[in-house]
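Residue-level structural notes
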Amino acid sequence: MARTALAAFAGGDPVVVPSGSCAAMVRHGYPELFAGQPEEEAALAMAARTRELTQFLSEHGLDAGARGSGSATYHDSCHMLRELKIAEPPRRLLEATGANLVPLPRPDLCCGFGGTFSV
């Protein structure tokens, strides 16, 4: 599957994925998976071009276009926070909607929602 992804996303365009777990796999897992293999250079290139969605939007000064009011909070995705070191872009996008961002106590603690990731 990883070889198919390398072929499908060959080139210089950014690879934008909606999941911190998927981004972490491409950015960290692919270089390890293809180390010493003919695909190593392609894996490193794809890893360098891969961004999680909120990271990509934030880096390019974009937002999701949603507007509203009210309060919102954000719980960090384990893989985004721990593997990709991404914490602020999702919060900036929420704030850009006009919502009042209410901090959670200890948003870095695992919520357990990932389930089988720990198996």
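Residues numbered from 1 in each chain as written. Predicted model: local features only at pLDDT ≥ 70, side-chain atom pairs only at ≥ 80, totals over all residues. Heavy atoms only, no water.

A separate point is the nonpolar core. One finds Leu6, Tyr30, Phe34, Ala43, Met46, Met80 and Leu84 to be the most contacted residues of the largest nonpolar core, which totals 16 residues. Elements with a minimum of two residues in this core: helix H1 (2–8), strand E1 (15–17), helix H2 (20–33) and helix H3 (40–49). Considering every element that reaches this core, the biggest residue donor is H2, with 4 residues. If we ignore the near neighbours within four places in the chain, the residues touching Ala43 are Leu6, Tyr30, Pro31 and Phe34. (Core = buried A, V, L, I, M, F, W, Y, C linked by side-chain atoms within 4.5 Å. Buried < 20%, exposed > 50% of the residue type's maximum accessible area, 1.4 Å probe, protein only. Helix = DSSP H or I, 4+ residues; strand = E, 2+ residues; numbered from the N terminus. Contact = heavy atoms within 4.5 Å.)

Relative to the 20 Å expected for 14 residues at 1.5 Å per residue, H2 spans 18 Å between its end C-alpha atoms, a close match to the ideal helical length. The sharpest bend along H2 measures roughly 35 degrees and falls at Val26. Every buried residue of H2 is accounted for by Gly20, Ser21, Ala23, Ala24, Val26, Gly29, Tyr30 and Pro31. Next to the buried residues of H2 lie H1, E1, H3, strand E2 (50–52) and helix H5 (78–82). The distance from a side-chain oxygen at the start of H2 to the backbone nitrogen of Ser21 is 3.2 Å, and the residue carrying that oxygen is Ser19. (Expected span 1.5 Å × (residues − 1). Bend = angle between axes of the 7 residues up to and from the residue. Polar contact = N/O pair within 3.5 Å; in protein donor to acceptor, adjacent residues only side chain to side chain.)

The analysis is restricted to geometry; functional conclusions fall outside its scope.
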